[in-house]
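The lines below spell out each chain.
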Amino acid sequence: TNADDVNSTLEDVRPDVLIHTAALHVDECEKDPDRAFQVNAWSARRLALACQRHEITLVQISTCGLFGDEYRAYAEYDTVTLKTVYARSKHAGDDFVRNLCERHFVLRPGWLFGGSTRHPKNFVARRYEKALRSNCVQSASDKHGSPTYCADLAMGIETLLETKEYGTYHLANSGGCSRAEYVKHIFDCFGLTTEVEEVDSRHFPRNADVPDCEILDSLNFRLLGLDPLPPWEDALERYIRSINTEVCVQ
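Reading the values: the criteria
Residues numbered from 1 in each chain as written. Predicted model: local features only at pLDDT ≥ 70, side-chain atom pairs only at ≥ 80, totals over all residues. Heavy atoms only, no water. Helix = DSSP H or I, 4+ residues; strand = E, 2+ residues; numbered from the N terminus. Rg over C-alpha atoms; globule rule 2.2 N^0.38 Å. Buried < 20%, exposed > 50% of the residue type's maximum accessible area, 1.4 Å probe, protein only. Areas by Shrake-Rupley, 256 points an atom, 1.4 Å probe, with all protein chains shown as cover. Lys, Arg positive; Asp, Glu negative; His and termini not counted. Charge placed at Lys NZ, Arg CZ, Asp CG, Glu CD. Expected span 1.5 Å × (residues − 1). Contact = heavy atoms within 4.5 Å. Core = buried A, V, L, I, M, F, W, Y, C linked by side-chain atoms within 4.5 Å. Pairing = 2+ DSSP bridges. Phe/Tyr/Trp six-rings, centres within 6.5 Å; stacked < 30°, edge-to-face > 60°. Lys NZ or Arg CZ within 6 Å of the ring centre and 35° of its normal. Polar contact = N/O pair within 3.5 Å; in protein donor to acceptor, adjacent residues only side chain to side chain. Salt bridge = Lys/Arg side-chain N within 4 Å of Asp/Glu carboxyl O.

K.L.:
Describe the overall build of the protein, listing the residues and the values that go with them.
P.N.:
A tally of regular secondary structure across the protein gives nine helices and eleven strands. A globule of 250 residues ought to have a C-alpha radius of gyration of about 18 Å, and the protein, at 19 Å, matches this closely. In terms of overall dimensions, the protein has a C-alpha envelope of 55 × 35 × 35 Å along the principal axes. The buried share of the protein, taken over its 250 residues, is 47%. For the protein, the accessible area works out to roughly 12400 Å², and carbon and sulfur atoms hold 48% of it. Put simply, the protein has 28 plus and 39 minus side-chain charges, and the middle of one group is 4 Å from the middle of the other.

Spelled out as structure tokens, the structure:
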């Protein structure tokens, strides 16, 4: 959020590529809209200006939460709806990147999972722990998305960088599911017998009215002749195999 720090850091480091992952998340944005636009929009603006000045490729990590409630897969050319402060601030940041930095990729990922099981927001690990404490876990059947493995996302970013085909891309593991179906597959992959009770999202009140459907269609990826990311079920199985011993020890 500090223009001088951004410019001095890029002067010192001189990267070829900058991947912008910083963001204020959904519920925090509803509580403090000014801070949301400072972090999600104006920070992207400062990075875009600095990257243009230093001829750096900027990868802007956007969000899948830009669309509506209709149950379908959304492609890059579908009209955004912007139901939340988070969505409006992220979309404003994306526009800054598109307009101010020639060498840019605006990437909209799906519901991200992966990384360290010790991270407090690791959705997969936290569901595993909850299943160990209960015979039945409630999960929303009316919220849908495309679970996406961070490792697959990273490989997709590398692939796009090599093309130099700048623009906006949906980058998510193929397919989609409800939150309840996602949780059920997590339990199945761990070999757990915990039941999943499907409920509507009113059981999990939030500050933000997030879209009912965040399933992504990676149309532009296909138009480049690139293979889509693997199905989300396969991605989840690979991640859980990689952490199974770690979570069992914990």
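On we go.
K.L.:
Give me the lowdown on helix H4 (residues 85-100), citing residues and values where you can.
P.N.:
Here H4 is 16 residues long and its end C-alpha atoms lie 22 Å apart, about the 22 Å a rise of 1.5 Å per residue gives. Those residues of H4 not exposed but buried are Val85, Tyr86, Ala87, Ser89, Lys90, His91, Gly93, Asp94 and Val97. Where the residues of H4 are buried, they touch helix H2 (26-31), helix H3 (33-54), strand S2 (57-61) and strand S3 (104-109).

K.L.:
Help me get a handle on the nonpolar core, residues and values and all.
P.N.:
Counting 29 residues, the largest nonpolar core has Phe113, Val124, Tyr182, Ile186, Phe190 and Leu236 as its most contacted members. Of all the elements, helix H9 (residues 232-249) adds the most residues to this core, at six residues. Discounting residues that sit within four places of it in the chain, Val124 has contacts with Phe113, Tyr182, Ile186, Phe190, Leu236, Tyr239, Ile240 and Ile243. If you look at the next biggest cluster of nonpolar residues, it comprises 13 residues, including Leu18, Leu47, Ala50 and Cys101.

K.L.:
An account of the sheet that holds strand S11 (residues 213-214) is requested, with residue identities and associated values reported.
P.N.:
Within the open sheet, the three strands sit side by side as S9-S6-S11. Their pairing is mixed. With one partner strand each, in any of the chains shown, strand S9 (177-178) and S11 form the two edges of the open sheet. Here strand S6 (residues 144-145) runs beside S9; their pairing, made up of two bridges, is antiparallel. Its bridge partner lying in S9, His144 is registered against Ser178.

K.L.:
How would you summarise the packing of aromatic side chains if you had to cite specific residues and measurements?
P.N.:
For any two aromatic rings, the description comes down to two numbers: the centre-to-centre distance and the angle of the planes. Inspection of every chain in the model, using the stated rule, returns twelve aromatic pairs. Where Phe113 meets Tyr239, the ring centres are 5.7 Å apart and the plane angle is 50°; that geometry is what we call tilted. Of this pair, Phe113 sits in strand S4 (residues 111-113) while Tyr239 sits in helix H9, and the two are 126 residues apart along the sequence. The burial state of Phe113 is the same as that of Tyr239; both residues are buried. Three or more aromatic residues joined by ring pairs make a cluster, and in this case those are Trp111, Phe113, Phe123, Tyr149, Tyr182, Trp232 and Tyr239. Positioned above the aromatic ring of Phe123 is the side chain of Arg127, whose terminal nitrogen or guanidinium carbon lies 4.5 Å from the ring centre. The ring of Trp111 carries the charged tip of Arg179 above its face, separated from the ring centre by 3.9 Å.

K.L.:
For helix H1 (residues 3-13), give the residues involved together with the corresponding values.
P.N.:
Among the residues of H1, the N-terminal cap falls to Asn2, whose side-chain oxygen and the backbone nitrogen of Asp4 are separated by 3.0 Å. Where H1 ends, the next residue or the one after it, Arg14, has phi of about 50°, a positive value.

K.L.:
Before we move on, could you go through the environment of His170 and cite the residues and values that matter?
P.N.:
Structurally, His170 is set in strand S8 (residues 167-171). Its relative accessible area of 0% is what places His170 among the buried residues. Separated by 48 residues in the primary sequence, His170 and Ser218 have C-alpha atoms spaced 4.7 Å apart. The residues contacting His170, other than those within four sequence positions of it, are Phe67, Tyr74, Ala75, Glu76, Arg108, Leu216, Asp217 and Ser218. Looking at His170, its side chain comes within polar contact range of the side chain of Arg108, at 3.0 Å.

K.L.:
Before we move on, can you summarise the pattern of salt bridges with the specific residues and values?
P.N.:
Side-chain pairs of opposite charge can arise whenever the charged atoms involved come near each other. Overall, the coordinates contain 14 salt bridges when judged by the stated rule. A salt bridge links Glu129 to Arg126, with the shortest nitrogen-to-oxygen separation between them at 2.9 Å. A residue pair is termed a helical-turn pair when its members lie 3 or 4 positions apart in one helix, as Glu129 and Arg126 do in helix H5 (residues 123-133) at three residues. Residue classification places Glu129 among the partly exposed positions, given a relative accessible area of 27%. Given the relative accessible area of 19%, Arg126 is considered buried. Its salt-bridge partner being Asp200, residue Arg202 comes within 2.8 Å of it at the nearest N-O pair. With relative accessibility at 71%, the residue Arg202 sits in the exposed group. Of the residues examined, Asp200 reaches a relative accessible area of 22% and is grouped as partly exposed. Each member of the salt-bridge network shares a partner with another, and the members are Asp69, Lys83 and Asp209.

In short, shape yes, function no, at least from these values alone.
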